[in-house]
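# Observations on the three-dimensional arrangement
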Amino acid sequence: MAFVISDVCVSCGACAGQCPVGAISEGDGKFEIDPNTCISCGSCAGACPTGAISEE
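Residues numbered from 1 in each chain as written. Predicted model: local features only at pLDDT ≥ 70, side-chain atom pairs only at ≥ 80, totals over all residues. Heavy atoms only, no water.

## Side note on the pattern of salt bridges
In the structure shown here, the tally under the stated rule is one salt bridge. For lysine 30, the salt bridge goes to aspartate 7, with nearest N and O atoms at 3.4 Å. Residue lysine 30 is found in the loop between β2 (24-26) and β3 (31-33), and its partner aspartate 7 is found in the loop between β1 (3-5) and β2; the two are separated by 23 residues along the sequence. A residue is classified by how much of its surface remains accessible, and aspartate 7, at 69% relative accessible area, is exposed. (Salt bridge = Lys/Arg side-chain N within 4 Å of Asp/Glu carboxyl O. Helix = DSSP H or I, 4+ residues; strand = E, 2+ residues; numbered from the N terminus. Buried < 20%, exposed > 50% of the residue type's maximum accessible area, 1.4 Å probe, protein only.)

Okay, structure coming up:
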């Protein structure tokens, strides 16, 4: 199950640097996770300072 980023995202980019497969990119107003690339490791959720990332 892929992770998703909610509207609480402040576009700090902390999550993108933690993703081992490069599934996170900057979207329109917030970062986005590509569900086809995400391996559901949870590294991004632990790095998010606002708690905007959760399992889908």
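## Some words on the nonpolar core
Counting residues in hydrophobic clusters, the biggest one holds 15 residues, and the most contacted among them are Ile5, Cys15, Ile24, Ile33, Cys44 and Ile53. Listed by contribution, the elements that provide at least two residues to this core are β1 and β3. Residues contacting cysteine 44, with those up to four places away along its chain left out, are Phe3, Cys15, Ile24, Ile33 and Ile53. (Core = buried A, V, L, I, M, F, W, Y, C linked by side-chain atoms within 4.5 Å. Contact = heavy atoms within 4.5 Å.)

## With respect to the state of the cysteines
Each disulfide consists of one covalent bond between the sulfur atoms belonging to two cysteines. As enumerated under the stated definition, the model contains zero disulfides in all. Lacking any disulfide linkage, cysteine 15 is separated from the closest cysteine sulfur, that of cysteine 9, by 6.2 Å. The class of cysteine 15 is buried, set by a relative accessible area of 6%. In this model cysteine 48 remains outside any disulfide bridge; the closest cysteine sulfur is found in cysteine 12, 6.2 Å from its own. Overall, cysteine 48 belongs to the buried group, its relative accessible area being 16%. (Disulfide = S-S within 2.5 Å.)

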